[in-house]
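Remarks on the overall topology
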Amino acid sequence: MSMQQALNRALAEVMTENPRALILGEDVGQLGGVFRITDGLQKKFGEARVFDTPLAESGILGMSVGLAMAGYHPIPEVQFDGFAYPAVNQIICQVGRMNYRSRGKLPMPITLRVPSFGGIRAPEHHGESLEAMFAHVPGLKVVSPSGPNEAYHLLKYAATRQDPVIFMEPKSRYWQKGPVNTGADAAGYSPTGSRVVREGKHLTLVAWGAMVARCLQVAELAAEDGIEIEVLDLRWLKPIDAEGLAASVAKTRRAVVVHEAPRTSGLGAEVASIITERCFGTLKAPVERVTGFDVPYPSGDLEDEYIPNIDRILYGIQRVLEYRRG
Amino acid sequence: MADVLALDGTGRAALAGEELRELYRLMVAVRHLDESAIRWQRQGLIPGYAPQLGQEAAQVGSGYALDMSRDFVFPTYREMGVARTVGVDMVEYMSTHKATWHGGLYDPKASRFAPIQAVVGGSVLHAVGWAHGQTLDRTPAGELGVAITYFGDGASSQGDVHEAMNFAAVMKAPVVFFIQNNGWAISVPTERQVAGGSVAGRAAGYGMPSIQVDGNDVVAVTQATAAALAHARAGKGPAVVEAMTYRRGPHSTSDDPGRYRTLEEERTDGGEDPLARMRARLLADGIADEAFFDEALAAAKAEEEQIRAGINALGPRPGTEMFDFVYQEPTQALKAQASAWREESEHV
Ligand SMILES: Cc1ncc(C[n+]2csc(CCOP(=O)(O)OP(=O)(O)O)c2C)c(N)n1
């Protein structure tokens, strides 16, 4: 099943299980969304529960706040990550704060789906990495799946929470296929925390979203040289699974964080700090970061230079492995 | 004042006797509490307050028209008069001005009065979402709960207000957009704020009815709001009421209106005092006498005493609450921060 199908299936199940769940956004109805994530859902659940809004992101999020106040569970979509910016006022000032402002009386069970990150050579604002911005906002939770199985389980989980979750879908992975454990097969699967997707003993690569698959490729290549790399899919960007991180790095004693977002004040810094706090004594080298740069997300032709590629990640690994105390 | 686009039906029979007296009592209570709150700020009982001197008729009249068994209010930071009219606990309301809790201590669900909102235009969209929820609940037309959202002429410049009006009109959501055009957004007068000079005038562009009403006439405001509510309740979609009023005092207790207008201008532009006007009307129609006015004022003073005592008794919230209401399901990281805070503060 592709990630697109997995997300679609998860939404269908959430909508079936919770009659108060609603899907709203631009073109999510008849068209099924520009990425077809909501394909067929309007037909299945009706125009009252899956509906197109006018083209206004602040409106979509502000309306979701009111729907949540009326006892619904809105699952809004913004069409592309860069178009979440016009909704930021509602997301930060309202969605993230209403539970607090109302002393817990007005929970905001809103799952905002955001097609995220680059890698599809799209025009400006169709590829952005907003995770650090959202993770910095009190009251929000942020999660990003790395493949179809994660997508299915994380979305089902997020969309049944009583707190707002920003659900960042790596759009470059939408059509990637993989096994998805549904129904009885899903038993025992935990949608919380991080997940070790490949075991290793020499170094931990920490990544999320589309970077997880790339890190797995890197680990394959490194294995040819006898370097055993552990790949940790962070999954939750807020809250970050500090225990899982520490457990992995305590074992490998070295870590490299990989993300597409700009480097300065990116989540890599947060991850590195958590690792340092928890594993300082056992670390053999400072935590390295391989990230995007402090530039606006570049055009398609430069994307390959911007998004961490295999060579840059390998080089980061080398820096850590060869680190000598000064 | 002319209807920009008249609302069909009034939704409420002409107000009589006891109703008119009640409107006056409410206005006196609100005026007295408002003036007291300014005094409390000067005395240091509360750090700040947003007065509404001159807006009593707009607030009381619109609040009085609501059916609080099914309607829901989305206020800004200046709707004390509406809150008082619809029965919000005034100590819990004032707690926000005491800096006890943003949004106030009252339960917004039980009181059907959303938390106090500091972002201008911030809750206008929420009203649309809530109202659309009433439609989704399949409430029969004629019984719909209506969201009433309050905002000022300044807030009407916000893009969210346009989005809200457009969404509501497209979705036929039962919303009443209630604008208190009090002439000023802090120091900027309406003519430098609202192109075309009227917010109600915009409604035509969204295909919704609107009415501009004399905001100093509490009866007219009640009637206009009732008509708008009836329109929305019947499933005909949103409506706009623009109450033309005047903010007589400062914008907030830290404002200095002397920098942008003169006392002379305040006197001439202010229009009729809504309280004096209602009083004259009650007297002229033989509905009330001096004894009634004395009683109403005495009741307002007694109420103010009680509220003052309540605010005085409000202690600071326990520090743990800072962490308690961020999430329904708190994160480990936040729990760790809470216990670190406890440890650090108990340590010293
Ligand atoms: C989004 C936003 N920008 C600026 C402010 C600061 N501010 C508070 S009140 C105000 C003027 C509002 O005027 P109006 O909407 O007419 O309401 P009034 O205060 O006159 O009742 C401003 C600029 C704010 N609260 N929110």
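Within any chain, residue numbers begin from 1 and follow the written order of that chain's sequence. Ligands are numbered from 1 and chains lettered from A, in the order in which they are written. Under the rules for a predicted model, residues below a pLDDT of 70 receive no local features and side-chain atom pairs below 80 are neither given nor counted, while totals for whole chains, interfaces and linings still include all residues. Here the side-chain values reflect all heavy atoms present in the structure, with hydrogen atoms and water set aside.

1. Brief notes about the overall build of chain B
Our working rule: Comment: elements are numbered from the N terminus, with helices defined as DSSP H or I runs of at least four residues and strands as E runs of at least two. Computation of the radius of gyration draws on C-alpha atoms, with the globule rule given as 2.2 Å multiplied by the number of residues to the power 0.38. Per-residue accessibility, obtained with a 1.4 Å probe over protein chains only, is compared with the maximum for each type, and a residue is labelled buried under 20%, exposed over 50%, and partly exposed between these values. We call two residues contacting when some pair of their heavy atoms lies within 4.5 Å. Surface accessibility in these figures is a Shrake-Rupley result with a 1.4 Å probe; residues are shielded only by whichever protein chains are displayed. Two residue types count as positive, namely Lys and Arg, and two as negative, namely Asp and Glu; His and chain ends fall outside the count. The atoms used to mark charge sites are NZ of Lys, CZ of Arg, CG of Asp and CD of Glu.
The secondary structure content of chain B amounts to 13 helices and seven strands. Here chain B has a C-alpha radius of gyration of 21 Å; the compact-globule value for 348 residues is 20 Å, and the two agree. Seen through its C-alpha atoms, chain B measures out along the principal axes to roughly 65 × 50 × 40 Å. Looking at chain B as a whole, 56% of its 348 residues qualify as buried. For chain B, the share of sequence-separated contacts (at least 6 apart) that also reach a separation of at least 24 residues comes to 75%. Accessible surface, chain B: about 14000 Å² in total, of which carbon and sulfur atoms supply 52%. In chain B, 31 positive and 45 negative side-chain charges are present, and the distance between their average locations comes to 1 Å.

2. Quick notes on the overall build of chain A
Broken down by element type, chain A carries twelve helices and twelve strands. Across the 326 residues of chain A, 62% fall into the buried class. Restricting the contact set of chain A to residue pairs at least 6 apart, pairs at least 24 apart contribute 81%. Of the roughly 12400 Å² of accessible surface on chain A, a fraction of 50% belongs to carbon and sulfur atoms.

3. Remarks on the interface of chain B and chain A
Which entries qualify depends on this criterion: Two parts placed together each lose some accessible area under a 1.4 Å probe, and adding up what both lose gives the buried area. By convention in these notes, a salt bridge is any Lys or Arg side-chain nitrogen within 4 Å of a carboxyl oxygen on Asp or Glu.
In this assembly, 40 residues from chain B lie in contact with 42 residues from chain A. In total, about 3500 Å² of surface goes out of reach between chain B and chain A, with carbon and sulfur atoms giving 61% of it. For the pair chain B and chain A, the number of links is four salt bridges. The residue Glu-321 of chain B makes a salt bridge to Arg-103 of chain A at a minimum N-O spacing of 2.8 Å. For the side of chain B that touches chain A, the secondary-structure elements that each account for two or more residues are strand S1 (72-74), helix H5 (108-111), helix H6 (124-136), helix H7 (159-171) and helix H12 (321-324) of chain B. Of all the elements, H6 of chain B adds the most residues to the side of chain B that touches chain A, at eight residues.

4. Topic: the pattern of salt bridges
Two side chains of opposite charge can pair, provided their charged atoms sit close to one another. Residue and element names in this part refer to chain B. Under the counting rule described, the total for this entry stands at 38 salt bridges over all chains. Between Arg-247 and Asp-255 there is a salt bridge, with its nearest N and O atoms 3.9 Å apart. In this structure Arg-247 comes out as buried when scored by relative accessible area, which is 1%. Overall, the relative accessible area of 18% leaves Asp-255 in the buried class. Ionic pairing is found between Glu-266 and Arg-261, a salt bridge with its closest N-O pair at 3.1 Å. In this structure, Glu-266 and Arg-261 share a single accessibility class: buried.

5. Focus on the domain arrangement of chain B
Defined as follows: The domain limits used here are those given by an automatic or database domain assignment.
In terms of domains, chain B is made up of domain 1 (17-317) and domain 2 (318-348). Between the C-alpha centres of domain 1 of chain B and domain 2 of chain B the distance comes to 36 Å.

6. Section: the sheet that holds strand S8 (residues 203-207) of chain A
All names here are of chain A. Threshold: Here, strands pair whenever DSSP counts at least two bridges between them. Working convention: axes come from line fits to C-alpha atoms, limited for helices to the stretch in contact. Angles between N-to-C directions cover 0 to 180 degrees.
Across the sheet, five strands lie side by side as S7-S9-S8-S11-S12; this open sheet has mixed pairing. The open sheet has two free edges, formed respectively by strand S7 (195-198) and strand S12 (288-291), since each of these has just one partner strand. The average undirected angle you get between the axes of adjacent strands in this sheet is 25°. Taken together, the three bridges between S7 and strand S9 (residues 229-233) define a ladder with antiparallel strand orientation. In the strand pairing of S9, Arg-195 is matched with Asp-233. Of the strands in this sheet, S8, strand S11 (255-259) and S12 touch helix H10 (residues 267-279), which is tilted by about 160° from S11.

7. With respect to the site of the ligand
All names here are of chain B. Quick reminder of the rule: For this purpose, a residue is taken to be near a molecule or strand whenever a single non-hydrogen atom of the residue falls within 4 Å of it. N or O atoms closer than or at 3.5 Å make up a polar contact, with two conditions inside protein: a donor-capable atom paired with an acceptor-capable one, and, for residues adjacent in sequence, both atoms drawn from side chains. For this classification, Asp, Glu, Lys and Arg are treated as charged, while Ala, Val, Leu, Ile, Met, Phe, Trp, Tyr, Cys and Pro are nonpolar and the rest, including Gly, are polar.
Tyr-77, Arg-78, Ala-118, Gly-154 and Ala-155 are the nearest of the 15 residues found near the ligand. Here an oxygen atom of the ligand and a side-chain polar atom of Arg-78 are 2.6 Å apart. Asp-153 has a polar side-chain atom sitting 2.9 Å from an oxygen atom of the ligand. Looking at side-chain class alone, the shell around the ligand contains eight nonpolar, five polar and two charged residues.

8. Notes on the nonpolar core
Heads up, the condition is: Definition of nonpolar core: a set of buried residues of the types Ala, Val, Leu, Ile, Met, Phe, Trp, Tyr and Cys, connected through side-chain atoms within 4.5 Å.
One finds Met-69 of chain A together with Phe-177 of chain B to be the most contacted residues of the largest nonpolar core, which totals 83 residues. Those residues in contact with Met-69 of chain A that sit more than four places away from it in its chain are Met-98, Leu-106 and Met-108 of chain A together with Phe-72, Phe-74, Ala-114, His-126 and Trp-130 of chain B. Of all hydrophobic cores here, the second largest spans 67 residues; its members include Ala-228, Met-278, Ala-300 and Ile-307 of chain B.

9. Re the UniProt feature "domain: Dehydrogenase E1 component" (unreviewed entry) in chain B
The criterion, for reference: UniProt positions are given in the numbering used here, feature names are shortened, and annotations may be inferred rather than shown by experiment.
Mapped onto this numbering, the UniProt entry gives "domain: Dehydrogenase E1 component" (unreviewed entry) at residues 24-300 of chain B. Secondary structure across residues 24-300 of chain B divides into 42% helix and 11% strand, with the first and last C-alpha atoms of the span separated by 11 Å.

10. A short note on the sheet that holds strand S3 (residues 175-181) of chain B
Residue and element names in this part refer to chain B. Pairing within the open sheet is parallel, and its five strands lie in the order S1-S2-S3-S7-S6. For this open sheet the edge positions go to S1 and strand S6 (210-214), each flanked by a neighbour on one side alone. The mean angle between the axes of side-by-side strands here comes to 20°, regardless of whether they run parallel or antiparallel. Where S1 lies against strand S2 (residues 147-152), three bridges are found, and the strand directions are parallel. In the sheet register, Val-73 faces S2, and the bridge partner there is Ile-148. Its contacts with the sheet put helix H2 (residues 56-65) on S2, S3 and strand S7 (239-244), and the angle it makes with S3 is roughly 165°.

11. Describing the pairing of S2 of chain B
Residues and elements named next belong to chain B. For S2, the tally of buried residues reaches five of six residues, placing the bulk of the element in the interior. Taken together, the six bridges between S2 and S3 define a ladder with parallel strand orientation. Residue pairing in the sheet places Ile-148 in a bridge with Val-176 of S3.

12. As for the environment of His-97 of chain B
Residues and elements named next belong to chain B. Within the secondary structure, His-97 is located in the loop between helix H4 (90-94) and H5. Judged by relative accessible area, His-97 falls into the buried class, the value being 11%. Put simply, His-97 and Ser-345 are 248 residues apart on the chain and 26 Å apart in space, counted from C-alpha to C-alpha. Every residue in contact with His-97, bar those within four places of it in the chain, is listed here: Ile-46, Pro-47, Gly-48, Tyr-49, Ala-50 and Tyr-77.

13. Quick notes on the environment of Val-258 of chain A
Residue and element names in this part refer to chain A. Position of Val-258 among the secondary structure elements: in strand S11. Taking C-alpha positions, Val-258 is 8.6 Å from Val-212, a pair spaced 46 residues apart along the chain. With residues near it in sequence (within four places) discarded, Val-258 still touches Leu-205, Val-206, Ala-207, Trp-208, Met-211, Cys-215, Val-290, Pro-308 and Ile-313.

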